[in-house]
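Survey of secondary and tertiary structure
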Amino acid sequence: MRSWLEEKIQMAWNQKKPWLGKFRIFQKIFVLISSYCRKYYTNYPQKKYRAKAQVIVIGNITVGGTGKTPLTLFLAQKLQEQGVVVGIVSRGYGGISRSYPLEVTKQTPVQECGDEALIYANRAGCPVVVDPDRSRALSYLENKFKPTLILSDDGLQHYKMARDLEIVVLDGQRGLGNGELLPLGPLREEAKRLCEVDMIVSNGPALYMLENTKTPSYVMQMQPLSLRSLSKGIELTVEDFIQRYGDKVWAVAGIGNPVRFFATLSELGFKLRTRVFTDHHKYSIEDLNFAKSEVLIMTEKDAVKCNSFATSDMWYLPVEAVLPEKFLPDLLSMLTEKYKQKQTELF
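Below or above, wherever it landed, is the structure these notes cover. Numbers given to residues run from 1 along each chain, matching the order in which its sequence is written. pLDDT decides what is reported in this predicted model: residues at 70 or higher carry local features, side-chain atom pairs at 80 or more are listed and counted, and totals for whole chains, interfaces and linings draw on all residues regardless. Where side-chain values are given, they derive from all heavy atoms of the structure, hydrogens and water being excluded.

**Structural notes on the overall build of the protein**
Numbered from the N terminus, helices here are DSSP runs of H or I no shorter than four residues, and strands are runs of E no shorter than two. When its secondary structure is counted, the protein shows ten helices and 15 strands. It is over C-alpha atoms that the radius of gyration is taken, and the globule rule equals 2.2 Å times the number of residues to the power 0.38. Its C-alpha atoms give the protein a radius of gyration of 21 Å, within 12% of the compact-globule value 20 Å for 347 residues. Summarising its shape, the C-alpha atoms of the protein cover approximately 65 × 50 × 45 Å along the three principal directions. Every one of the 347 residues in the protein was classed for burial, and the buried ones make up 48%. Residue pairs in contact within the protein that sit at least 24 positions apart in sequence constitute 70% of those at least 6 positions apart. The method behind every accessible area is Shrake-Rupley, applied with a 1.4 Å probe, and residues are considered shielded solely by the protein chains displayed. Put simply, the protein shows about 17400 Å² of open surface, and 53% of that area lies on carbon and sulfur atoms. For the purpose of charge, His is not counted, nor are the chain termini; Lys and Arg are scored as positive and Asp and Glu as negative. In plain terms, the charge of a residue is placed at NZ if it is Lys, CZ if Arg, CG if Asp and CD if Glu. The protein carries 46 positive and 38 negative side-chain charges, and their two centres are separated by 5 Å. Residue burial is assigned from relative accessible area. The probe radius is 1.4 Å, only protein chains are included, and a residue is buried under 20% of its type maximum, exposed over 50%, and partly exposed in between. Contacts between residues were defined by any pair of non-hydrogen atoms, one from each residue, lying within 4.5 Å.

**Concerning the environment of K22**
Within the element layout of this structure, K22 appears in the loop between α1 (2–15) and α2 (24–43). The exposure class of K22 is exposed, given its relative accessible area of 67%. Considering only alpha carbons, one finds K22 and M199, 177 residues apart in sequence, at a separation of 35 Å.

**A word on the environment of W250**
Here W250 shows up in strand β11 (residues 248–253). Residues W250 and I297, 47 residues apart in the sequence, show an inter-C-alpha distance of 6.2 Å. Contact partners of W250, with chain neighbours within four places excluded, come to R273, T274, R275, F290, A291, E294, V295, L296 and I297.

**Let's talk about the nonpolar core**
Each nonpolar core is a collection of buried residues, namely Ala, Val, Leu, Ile, Met, Phe, Trp, Tyr and Cys, held together in the definition by side-chain atoms within 4.5 Å. If you look at the biggest cluster of nonpolar residues, it comprises 40 residues, and the most contacted ones within it are I56, L71, L75, L151, I167, F327 and L331. Residue contributions to this core peak at six residues, all from helix α3 (residues 68–81). Apart from residues lying up to four places away in sequence, L331 is in contact with I56, L75, L79, L165, I167 and M199.

**Quick look at the sheet that holds strand β12 (residues 271–276)**
Read from one edge of the open sheet, six strands run β10-β9-β14-β13-β11-β12, paired in mixed fashion. What marks the edges here is a single partner per strand, and that holds for β10 (235–236) and β12. Taken together, the six bridges between β11 and β12 define a ladder with parallel strand orientation. Each bridged residue has a counterpart across the sheet, and for K248 the counterpart in β12 is K271. Should DSSP find at least two bridges between two strands, the strands are regarded as paired.

**Concerning the packing of aromatic side chains**
Ring geometry is summarised as follows: Phe, Tyr and Trp rings, the Trp one being its six-membered ring, pair when their centres sit within 6.5 Å, and such pairs are stacked at plane angles under 30 degrees, edge-to-face over 60 and tilted between the two. Per the counting criterion, the structure on display carries 14 aromatic pairs. Note on Y218 and F327: the rings are 5.1 Å apart at their centroids and 80 degrees apart in plane angle, and the pair reads as edge-to-face. Remark: F327 occurs in helix α10 (residues 327–346) and Y218 occurs in strand β8 (residues 217–224); sequence separation between them is 109 residues. By relative accessible area, which is 6% here, Y218 ends up buried.

**Digging into the sheet that holds strand β6 (residues 165–171)**
What holds strands together in a sheet is hydrogen bonding between their backbones, with the strands either parallel or antiparallel. The sheet built from nine strands is open, its strands ordered β3-β4-β2-β5-β1-β6-β7-β8-β15 with mixed pairing. The open sheet has two free edges, formed respectively by β3 (102–104) and β15 (319–322), since each of these has just one partner strand. Taking the axes of each pair of neighbouring strands and ignoring which way they run, one obtains an average angle of 25 degrees across the sheet. The sheet contact formed by β6 and strand β7 (residues 199–203) spans five bridges and is parallel. The residue bridging D171 from the neighbouring strand is N203, located in β7. The axes are straight lines fitted to the C-alpha atoms, using for helices just the contacting stretch, and the angles between their N-to-C directions are given from 0 to 180°.

**Brief notes about the pairing of strand β5 (residues 149–153)**
Across the five residues that make up β5, a large majority, five, are buried. Burial along β5 is two-sided: L149, L151 and D153 and I150 and S152, pointing in opposite directions, are all buried. As judged from the five bridges shared by strand β1 (residues 54–59) and β5, these two strands associate in the parallel manner. Along β5, the bridge assignment pairs V55 with I150.

**Some points on unusual backbone geometry**
At the junction of Y100 and P101, the peptide bond is cis and its omega measures out at -5 degrees in the coordinates. You can see P101 is positioned in the loop between β2 (86–90) and β3. In this structure, P183 follows L182 across a cis peptide bond, with omega equal to -5 degrees. If you trace the backbone, P183 turns up in the loop between β6 and β7. Of note in the backbone geometry, K16 takes a positive phi value of approximately 50 degrees without being a glycine. By the secondary structure assignment, K16 is in the loop between α1 and α2. Given the relative accessible area of 57%, K16 is considered exposed. If you check the backbone angles, H280 has positive phi at about 70 degrees while not being a glycine. Mapped onto the elements, H280 comes out in the loop between β12 and β13 (296–299).

Pasting the structure below:
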């Protein structure tokens, strides 16, 4: 039901259906509330939680997935290679814990921490803390692990949390959609917000134009890795996989833009039958019975929620972000400048 509804809403946004105008009053209410929240913390900066460590927010101004998870992983790994002590905070969307802040490890049940946080715990190589109150997560992370830099997965609109640098991730195919704010379109904030952030990362080549912004922009590509078995813990290259199992597979995706995942598999040589679930869908074995004993390939976000009932026919395709060579030096230069500004403010 939810998947059907989301599809219809997305279609209405794209086609600018006239009946959306009936919800204009709700858009105005949304704008009032979000504007008040931002102005409140702008006018009363002492109300913000300001971490001692530098804080980078990786967020978006649209609803739905854009590619924040692979970018956050990229940053965590590359910055640690530079000798930076990194930590990650997240809301933990899709998970419910009895208590917060929740420190996430590889053994944390995905039902408690959410899919993205568990991926970070598995792959980022640094402490991960989730809490709906990101400021509280920051405080816990700082007190226990003493990082020098904290990555916040999402939280661009969480203005209670002070930040040193903002990176917005946009879907290269969907861009800003119809350009309307919720609920008439996908925007959480007006497009002019892009002029205020430090960096814009487009997940895939941008099929749209960003007007009136001089914000540095970069294109991020997704590099597929080896296919991995959920139950056996083995890895196979695409060539070895096709040689062993053939090229006809079921493909499952419960992410913000499933079309991108399916396109990647097709480009790798697979002939697909597909099944789409809602973003952050909570899987059960019954959801995947349609595939019977046929080979099934899913995303890593889906896989962490299927480990408890995985069969030998279930595989996933992890990806890693690839960015232009200038991206990391530009980021480090910005962080250095922001650090100097922060020290000046403190003293």
